[in-house]
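The chain contents come next:
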Amino acid sequence: MSKAILQTQTQCYHCGENCKEEAVSFDQKNFCCPGCKLVYEVLSENNLCNYYQLQDSPGQTQQNPVLGERYAFLDNQEIANRLIRFRDADSVHLRFHIPSMHCSSCIWLLEHLNRLDGGILRSQTHFIQKEIQLVYDPSRTSLRKVVEKLHEIGYAPELNLNELEQKTKKTQNRSRIYKIGVAGFAFGNIMLLSFPEYFAGGVYHGNDFHKAFSYLNLFLSLPVFFYSASEFLGNALLSFRQRVVNIDFPIAVGIVAMFLRSIYEITTDSGPGYFDSMTGLVFFMLIGRNFQSKTYDWLSFDRDYKSYFPIAVSRLTGQKEEPVAVQDLRINDRLFIRNQEIIPADVILISDQAEIDYSFVSGESRPVYCEKGDRIYAGGRLQGSPAEVVVQKVVSHSYITQLWNQSSGKTEIKSGFQTMVNHISRWFVVVTLLIATLALLYWYPQDVSRAMRAFTSVLVIACACALALSAPFTFGNMLRILGKKGIYLKNAHVLEKLADVDTVLFDKTGTLTHAEQAEVHYTGSRLNEDLSQAIASLAQSSSHPLSRMLARHLQADGASRSSVYDVKEISGMGIEGNHTPYFIRLGSRKFLQDEIPDQDVYRLSEVGVQVNGEILGYFQFRNLYRSEAAPLIQDLKNDGYRVAVISGDHEHERPYLESLTGQKEGLKFDMQPLDKLKEVNRIQDEGRKAMMVGDGLNDAGALMHSHVGLALAENINNFTPGCDGILLSKNFGSIHRLIRFAKSGHRIIVISFIISLLYNAGGLWFAVQGTLSPVIAAILMPISTSSLVIYTVLASSLKAYRLGFKK
């Protein structure tokens with residue numbers, strides 16, 4: 001294939017721009033510059049030319065493509081670290097804003113980057129935000145090469161290092177404002193020039209005025225059709241190329257029909273045309289879209305609720321330890337991280353060593369060994385010995401929430417409401433087009449003007465937007481309200497699942513009982529002060545409620561956190577570690593391999609102490625039950641829910657739990673984490689929908705595999721990725737009201753669906769008769785959609801107020 005220079009104005013095959021001076025010919029195609037030709041060659045060599053089949057000339061111009069040292073600064077590791085979300089030996093995670101992403105061709109190409117650079121493992125786009133998530137292999141490519149590859153194919157990322165850690169402000173879409181201005185100017189003037197048609201029966205003082213005004217109307221309508229209406233026409237054309245029909249398709253058909261019919265009538269002098277209706281339709285539809293956008297931004301619940309993400313962490317000030325919410329973390333804060341706790345920010349390790357499980361971030365469960373001075377990324381989970389770290393970079397709450405949704409390990413069933421909306425939407429536009437066509441064919445022989453009015457009004461008035469928006473806005477508002485109250489749900493689908501629950505399972509320790517309150521007694525050999533502080537240091541390394549109560553009982557604030565090492569914790573059993581000169585084991589009798597006493601002695605929850613192989617004694621805990629436990633269980637039973645308790649403790653408190661729950665069945669004890677998981681699976685195999693409520697420590701598996709898993713949190717960092725929601729302990733007594741709230745959300749959505757269908761039926765009744773102006777239809781459609789959205793928000797807010805979730 002040879003290259004030739006053409007001295008002619010042609011259109012670039014890649015970007016569609018006119019070649020101003022000379023066109024570069026390659027492979028029998030013309031390009032405006034060598035850069036566009038180079039992109040085509042890269043795509044062709046990698047069998048990616050389907051990119052050009054999705055849309056004509058979808059690329060970006062590549063004039064002046066020489067990069068040279070433009071991105072050399074990305075070789076600087078300090079700068080690269082500000083862009084990297086996560087890094088390990090096998091992968092690096094990035095997220096870029098791509099301003100030039102504008103169509104389905106862009107999405108297709110950007111999600112096939114691994115065929116352009118073998119070092120790119122995967123890529124995923126977010127079209128609305130114009131963002132791309134990338135994961136690459138650092139042994140095969142680099143950050144600089146990835147950015148340069150994006151630039152070469154016309155999708156240079158926006159790299160504003162000064163704003164990387166600031167919240168991006170949403171800018172107003174000025175283009176739509178300009179389109180509204182053009183459409184409004186044309187609409188007003190066309191109506192002014194059409195006054196004789198409105199008030200004088202089409203009688204003009206001279207035929208020349210009639211023709212002049214008609215052609216002037218045609219001239220004024222051109223920028224409206226080709227510029228202002230491009231939002232509808234472009235979306236419709238794109239959906240047609242993808243062999244689907246979206247909500248803009250019938251509107252675009254109506255605009256095109258009125259425009260072409262008007263041209264025909266004016267050029268044949270057979271009528272005045274419908275330019276006033278066409279321009280008015282576009283004008284009011286754009287105003288409606290802008291109004292909807294402002295409404296949705298104002299009610300941006302889906303994004304805002306993430307600001308209430310419920311992770312707390314222990315911050316060290318001198319030797320004092322205090323719980324602090326993630327949103328209050330600052331750079332250079334010193335944190336104390338315990339075994340199995342999530343690290344909520346990018347940090348530098350200041351302890352000698354640590355093992356980090358990054359399965360929450362990358363899906364890889366193999367622990368990563370870190371040494372003093374190493375960087376640890378947000379989302380990692382500490383394993384083993386506790387560690388002290390210093391915050392280097394505070395990450396956004398939405399990033400942690402995103403990880404939560406991606407890594408739950410649950411097989412998510414698609415939303416029932418979304419499935420129903422998809423089924424309705426699939427046929428809605430087709431049925432709308434059919435009704436509009438039948439109305440046109442019915443009225444056309446009798447009255448052409450009425451036929452056009454009926455045709456376009458049907459296309460405009462019918463809208464499935466309200467159906468599609470009811471569930472997201474209802475559940476979004478509910479998530480926001482619950483978040484402010486201290487109840488944090490992973491996503492809107494959890495609310496749907498909550499409404500299906502018929503069985504509620506409770507863990508005992510830390511759930512029905514207070515996690516930080518108990519009467520503690522010690523029986524056994526005397527413990528000297530040095531040994532007591534060593535035991536306190538080891539207990540402080542665990543997040544288990546009994547360990548925390550033991551550390552507090554031994555006044556662990558004075559204990560040296562850095563003196564305990566080689567810590568190992570076995571879920572549901574105990575914890576062990578070294579504190580020179582002691583090797584200490586804390587846990588159950590089974591963990592210490594001690595004989596179990598008679599039942600009459602075996603009365604209380606206890607933690608045994610074994611030092612250097614010798615059992616010294618037991619700390620016994622008399623549990624204090626939450627005051628809300630009894631009324632909560634009674635309320636659940638009154639509402640028809642089955643209630644059960646599955647506990648890792650022994651049966652010494654069975655009599656009290658029988659009186660608390662009012663039942664003898666459904667109380668199971670000596671349940672290890674695997675036993676709790678099996679019990680959840682057994683219940684659900686019977687066809688029941690179980691909700692597990694636990695503390696997220698020894699019941700993480702049960703929380704993950706239940707229909708809904710809720711973790712009860714104190715002011716600690718015991719976040720469990722496998723759960724569906726987290727409740728602050730103060731909201732324990734509101735679980736039954738939470739389920740009622742979820743059920744009310746279902747009812748609100750169903751009512752909004754009915755209202756939407758009635759609106760569409762009523763609108764179509766008037767539209768098919770040709771008595772409804774397309775302009776009026778264009779005004780009513782966005783108002784009805786926005787009003788229905790506002791109804792769902794107000795109704796869910798009112799229900800929240802009645803249930804006590806909102807003041």
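What counts as what
- By convention here, each chain's residues receive numbers from 1 onward along its written sequence.
- For this predicted model, a pLDDT threshold of at least 70 governs which residues receive local features, and a threshold of 80 or more governs which side-chain atom pairs are given and counted, while totals over whole chains, interfaces and linings are taken from all residues.
- The side-chain figures draw on all heavy atoms in the structure; neither hydrogens nor water molecules are used.
- Pairs were defined over the aromatic rings of Phe, Tyr and Trp, the Trp ring being its six-membered one, requiring ring centres within 6.5 Å. Orientation was assigned from the angle between planes: stacked under 30 degrees, edge-to-face over 60, tilted for the rest.
- For the purposes of this entry, the term helix denotes a DSSP run of H or I that reaches at least four residues, the term strand denotes a run of E that reaches at least two, and both are numbered from the N terminus.
- Only when the NZ atom of a Lys or the CZ atom of an Arg is both within 6 Å of the ring centre and within 35 degrees of the ring normal do we say a charge sits over the ring.
- Two strands make a pair as long as DSSP finds a minimum of two bridges between them.
- Residue contacts are defined here by distance: any two heavy atoms, one from each residue, within 4.5 Å place the two residues in contact.
- For helices, the fitted axis covers only the stretch in contact; all axes are lines through C-alpha atoms, and the angles between them, taken along N-to-C directions, range from 0 to 180 degrees.
- Only buried residues count toward a nonpolar core. Its members are Ala, Val, Leu, Ile, Met, Phe, Trp, Tyr and Cys residues joined through side-chain atoms within 4.5 Å.
- Each residue gets one of three labels from its accessible area relative to the maximum for its type: buried under 20%, exposed over 50%, partly exposed in between, using a 1.4 Å probe on protein chains only.
- Under this grouping Gly is polar, as are all residues other than the nonpolar Ala, Val, Leu, Ile, Met, Phe, Trp, Tyr, Cys and Pro and the charged Asp, Glu, Lys and Arg.
- Every definition here rests on a 1 Å grid over the protein atoms only: cavities are sets of points where a 1.4 Å probe fits but cannot get out, pockets are open sets enclosed by protein on both sides within 12 Å along at least five of seven lines, and lining residues have some atom within 4 Å of a point.
- Grid points are joined across faces, edges and corners, and a volume is the space filled by probe spheres set on the points.
- Residue ranges for the domains trace back to a domain assignment, done automatically or taken from a database.

**Overview of the packing of aromatic side chains**
- A full pass over the atoms with the stated rule returns 12 aromatic pairs.
- Judged by centre distance (6.3 Å) and plane angle (85°), the rings of F226 and F259 are edge-to-face. Here F226, found in helix 8 (residues 207-228), pairs with F259, found in helix 10 (residues 248-267); they are 33 residues apart in sequence, far enough to count as distant.
- Each ring, one from Y625 and one from Y656, has its centre 4.7 Å from the other, and the planes form 40°; the classification is tilted. One end of the pair, Y625, is in strand 24 (residues 614-625); the other, Y656, is in helix 24 (residues 654-661), with 31 residues separating them in the sequence.
- Three or more aromatic residues joined by ring pairs make a cluster, and in this case those are F225, F226, F259 and F275.
- One Lys or Arg, R737, reaches over the ring of F805 and ends 5.0 Å from the middle of that ring.

**Some words on the sheet that holds strand 29 (residues 725-728)**
- Sheet architecture is open: 7 strands sit in the order 17-29-28-27-18-25-26, paired in mixed fashion. On the outer flanks of this sheet lie strand 17 (487-489) and strand 26 (667-668), each paired with one strand and no other.
- Contacts between helix 23 (residues 629-638) and the sheet are confined to strand 18 (503-506) and strand 25 (642-646), with strand 18 contributing the most and set at about 160° to the helix.

**Topic: the nonpolar core**
- Counting 49 residues, the largest nonpolar core has I255, F275, M278, V282 and M285 as the members making the most contacts within it.
- No other element matches the 8 residues that helix 16 (residues 448-461) contributes to this core.
- Discounting residues that sit within four places of it in the chain, V282 has contacts with A183, V224, S228, A229 and I255.

**Focus on the packing of helix 23 against helix 27 (residues 735-768)**
- Interaxial distance between helix 23 and helix 27 falls to 8 Å at its minimum, and their mutual angle equals 35°. Between helix 23 and helix 27, the contacting residues are L632, D635 and L636 on the first element and I735, H736 and I739 on the second.
- Tallied by class, residues from the contact of helix 23 with helix 27 come to 4 nonpolar, 1 polar and 1 charged.

**A short note on the layout of surface pockets**
- Approximately 680 Å³ is the volume found for the second largest pocket.
- Secondary-structure elements contributing two or more residues to the lining of the second largest pocket are helix 21 (545-553), strand 20 (565-570), strand 21 (574-579), strand 22 (582-587), helix 22 (589-592), strand 23 (605-611) and helix 25 (673-685).
- The greatest single-element share of the lining of the second largest pocket, amounting to 3 residues, is contributed by strand 23.
- Here the lining of the second largest pocket is built from residues that sort into 10 nonpolar, 13 polar and 9 charged.
- Each of domain 5 (487-513 + 626-743) and domain 6 (521-542 + 560-625) gives at least three residues to the lining of the second largest pocket.

**Observations regarding the sheet that holds strand 24**
- Overall, antiparallel pairing links the 6 strands, which are arranged 19-24-23-22-21-20 in an open sheet. In this open sheet, the two strands that pair with only one neighbour each are strand 19 (513-524) and strand 20. Between one strand axis and the next, the sheet turns through 20° on average, direction left out of account.
- Bridging between strand 19 and strand 24 involves 8 bridges; their strand directions are antiparallel.

**What to know about the pairing of strand 7 (residues 131-136)**
- Counted residue by residue, strand 7 has 6 buried out of 6 residues, so it is predominantly covered.
- With burial as the criterion, each face of strand 7 is covered, one bearing E131, Q133 and V135 and the other bearing I132, L134 and Y136.
- Two strands pair when backbone bridges link them, and strand 5 (residues 92-97) and strand 7 are joined in this way by 6 bridges, in the antiparallel orientation. Bridging from a neighbouring strand, H97 pairs with E131 of strand 7.
- Bridge count between strand 6 (residues 120-126) and strand 7: 6 bridges; the pairing is antiparallel. Across the sheet, residue Q124 finds its bridge partner in strand 7, namely Q133.

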